[in-house]
Amino acid sequence: MKKNISTFNELLSTCGQQNKRTYELFQEKEAFLLDIEIEKVRSKVKKSLDAMKEAIHIGLSSNEKSISKQCGDDCEKLQKRYKANEPLFGKLFKKITAYALATIEENLRMGKIVACPTAGSCAIVPSVLVAISEELNISEDEQINALITAGAIGSIVQNKVALAGAIAGCQAECGVAAAMSAGALVQILGGSEKQMVHAVALALKNILGLTCDPVAGLVEIPCVKRNVFLAIHSVTAAELALADIESKIPTDEVVDALCQTGQLMSPMLKESSQAGLAKTKTALKIEQRVLNNI
Amino acid sequence: MKQSSLFDIISPIMVGPSSSHTAGAVRLGLLSRNIYGLTPKKITFKLYNSYALTGRGHGTDKGLLAGVLGIPVDDTRIKNIFDLHEANEVNYQFEFLEDFNRHPNSVDFIFEGTQKMTVSGDSVGAGNVRITNINNFPVDLTGEYNSLVLIYKDRLGILSKVSGIIQTEGVNIAAMNCERIAKGEDASMCMSLDCALNYSIIEKIKRIDDIYLVRHVGKLES
């Protein structure tokens with residue numbers, strides 16, 4: 001029986017004792033859990049990775065609108081701007097933002113994406129992972145290691161809180177996706193396990209309290225743009241952690257804070273579209289228009 | 001505590017836009033289809049609460065129909081399913097309802113054809129689903145395992161007969177739950193199994209007296 005790793009503290013101590021990386025522990029655990037070879041686990045992860053790349057590829061060249069007709073052409077707009085103007089933060093920023101929009105817009109037009117951890121937060125991990133891997137020539141094996149690391153982070157958080165906007169708000173969806181992305185990035189850039197765990201804390205600390213108040217109840221406003229913002233947020237967390245900047249509050253305690261914040265958050269702000277952005281004057285007009293059109 | 005899998009987090013590969021409202025809907029449809037056992041001639045979908053309010057915008061209606069037709073969560077045909085030949089072979093309709101006693105993302109499948117059957121389920125988050133009722137009997141099916149569902153008359157020895165047959169075939173029972181209306185009345189049972197049962201075992205179980213309904217529900221592949 002493989003030991004269950006249910007906290008980040010346990011993760012760090014197990015990595016230390018066994019002299020292993022997070023992805024090694026988790027691919028072993030998964031192989032045991034599913035009763036398959038480690039290579040089979042990795043090939044399943046590769047399937048998710050390939051689907052992420054395909055979604056980016058297709059999304060970059062589409063401007064088809066969603067069922068509600070509210071969203072779907074932002075990726076095209078952004079790429080048009082980048083053709084005329086180099087982005088202030090350079091090529092990597094350009095790729096991450098474009099890939100994030102490409103993915104999340106594929107999602108809203110009912111294209112094929114990978115829930116990571118959810119469909120509404122599906123663009124954060126892939127945009128960062130794929131953009132960095134292309135720019136830094138990261139091998140496929142290392143990309144798989146990073147994606148397993150991302151999955152490990154999500155699964156540890158999930159031990160304490162369901163990754164659903166209806167349970168704990170957007171902090172548990174896009175917020176956790178950003179934490180996964182930050183940790184995966186530290187793994188790719190050769191950081192330590194300790195740095196990886198701090199990247200998770202830094203990413204989560206700075207989105208605590210993020211509500212889920214989608215306009216007309218759809219995964220569109222504000223979800224589309226939020227994926228782009230939180231992809232960049234995750235890079236900030238990784239850069240700080242790689243500089244050995246530590247979260248003064250340990251990662252497990254940050255997760256506890258997220259969990260408690262989720263419990264205290266009004267149900268009106270948890271995917272029920274009864275408050276916040278969803279009940280603004282303009283949102284109500286959009287809602288009326290959407291309900292009449294579909 | 002049940003250990004969570006990496007693939008709860010970095011999958012499924014699915015058509016968007018919502019894990020609970022799209023992928024969850026397809027998975028509920030697939031499970032109901034497995035329970036009903038064939039493609040129905042007629043089906044009515046009753047969508048409740050958030051499924052009713054935001055379902056069309058999330059393609060929940062398309063997802064439910066796709067599942068009932070056996071189309072998996074990552075199939076891009078879901079987007080245009082109403083134009084699909086297979087969909088036109090079935091007489092389907094949707095009703096959008098409110099019932100605050102039900103889960104926010106809840107649905108009834110009312111199958112008609114060679115037999116009538118009602119299956120109810122909830123989409124409980126992140127694409128995970130739960131079938132809660134079959135013909136008004138409480139059940140608990142998630143599609144995570146190959147499962148055996150029975151509806152029978154509560155009496156001494158039924159459970160041991162069924163588990164005995166399963167044991168002789170070398171299949172391990174991972175989990176089991178039973179419900180009954182009252183002692184000696186109708187009851188239901190769901191068994192989660194570590195591998196699939198073959199046809200002959202199911203036939204053997206069907207021959208036990210006082211078992212009215214036997215369904216082997218295959219686990220969901222994605």
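What comes next concerns the included structure.

### A look at the overall build of chain B
Helices and strands together make up the secondary structure of chain B, namely 7 helices and 11 strands. Computed over its C-alpha atoms, the radius of gyration of chain B comes to 17 Å, within 12% of the 17 Å expected for a compact globule of 222 residues. With the principal axes as the frame, chain B shows a C-alpha extent of 50 × 40 × 35 Å. Averaging the positions of the 23 positive and the 25 negative side-chain charges in chain B gives two centres separated by 3 Å.

### As for the sheet that holds strand β6 (residues 128-134) of chain B
Residues and elements named next belong to chain B. Overall, mixed pairing links the 6 strands, which are arranged β3-β2-β4-β5-β6-β7 in an open sheet. The open sheet is flanked by β3 (91-97) and β7 (137-141), the only strands paired with a single partner. With strand direction ignored, the average angle separating the axes of adjacent strands in the sheet is 20 degrees. As defined by bridge partners, strand β2 (residues 42-48) adjoins strand β4 (residues 105-112) across 7 bridges and the pair is classed as antiparallel. Its bridge partner lying in β4, Lys42 is registered against Glu112.

### Thoughts on helix α6 (residues 158-168) of chain B
Residues and elements named next belong to chain B. Within α6 the residues assigned to the buried category are Ile158, Val162, Ile165 and Ile166. Buried residues of α6, viewed axially, fall in a sector of 95 degrees; they line one side. Residues Ser160, Gln167 and Thr168 are exposed on α6 and point more than 90 degrees away from its buried face. Elements that come into contact with the buried residues of α6 comprise β8 (146-153), β9 (173-180), β10 (186-193), α7 (199-206) and β11 (211-217). Two residues or fewer after α6 comes Gly170, characterised by a positive phi angle close to 75 degrees.

### Side note on the pairing of β4(B)
A regular strand places its side chains so that they alternate between the two faces of the sheet. Residues and elements named next belong to chain B. Counting buried positions over the 8 residues of β4 gives 7, a clear majority of the element. Pairing of β4 with strand β5 (residues 117-125), which is carried by 6 bridges, proceeds in the antiparallel orientation. Among the inter-strand pairings, Asp108 is bridged to a residue of β5, identified as Ser120. With antiparallel pairing between neighbouring strands as the criterion, β4 and β5 make up a hairpin whose turn holds 4 residues, including Gly113 at a positive phi of roughly 160 degrees.

### What to know about the interface of chain B and chain A
Accessible area lost upon the coming together of the parts is a frequently used measure of interface size. Counting residues at the interface gives 33 residues for chain B, matched by 49 residues for chain A. Here chain B packs against chain A, burying approximately 3200 Å² in sum over the two surfaces, 62% of which is carbon and sulfur. Summed over the shared surface of chain B and chain A, the result is 1 salt bridge. Where chain B meets chain A, there are 13 residue pairs in polar contact (both at pLDDT 80 or more). Of all elements in the fold, only α1 (6-9), β1 (13-15), α2 (19-36) and α3 (49-58) of chain B reach the threshold of two or more residues within the side of chain B that touches chain A. For the side of chain B that touches chain A, the element with the highest residue contribution is α3(B), accounting for 5 residues. Residues belonging to the side of chain B that touches chain A are distributed by class as follows: 13 nonpolar, 15 polar and 5 charged.

### Here's the deal with the pattern of salt bridges
Residues and elements named next belong to chain A. If you walk through the whole model with that rule in mind, you get 24 salt bridges over all chains. Lys46 is the partner of Asp50 in a salt bridge, and the nearest nitrogen-oxygen pair spans 2.8 Å. Of the two residues, Asp50 and Lys46 are both situated in helix α3 (residues 38-60); the distance of 4 residues between them amounts to about one turn of the helix. Notably, a salt bridge pairs Lys46 with Glu140, separated by 3.1 Å at the nearest N-O pair. Highlighted residues: Lys46 in helix α3 and Glu140 in helix α7 (residues 140-158), separated in sequence by 94 residues. Among the charged side chains, a network of salt bridges with common partners joins Lys91, Lys95, Glu134 and Glu135.

Reading the values: the criteria
- Residues numbered from 1 in each chain as written.
- Chains lettered and ligands numbered in written order.
- Predicted model: local features only at pLDDT ≥ 70, side-chain atom pairs only at ≥ 80, totals over all residues.
- Heavy atoms only, no water.
- Helix = DSSP H or I, 4+ residues; strand = E, 2+ residues; numbered from the N terminus.
- Rg over C-alpha atoms; globule rule 2.2 N^0.38 Å.
- Lys, Arg positive; Asp, Glu negative; His and termini not counted.
- Charge placed at Lys NZ, Arg CZ, Asp CG, Glu CD.
- Pairing = 2+ DSSP bridges.
- Axes fitted to C-alpha atoms, helices over the stretch in contact; angles between N-to-C directions.
- Buried < 20%, exposed > 50% of the residue type's maximum accessible area, 1.4 Å probe, protein only.
- Arc of directions from axis to C-beta.
- Contact = heavy atoms within 4.5 Å.
- Buried area = accessible area lost by both parts, 1.4 Å probe.
- Salt bridge = Lys/Arg side-chain N within 4 Å of Asp/Glu carboxyl O.
- Polar contact = N/O pair within 3.5 Å; in protein donor to acceptor, adjacent residues only side chain to side chain.
- Nonpolar A, V, L, I, M, F, W, Y, C, P; charged D, E, K, R; others polar.

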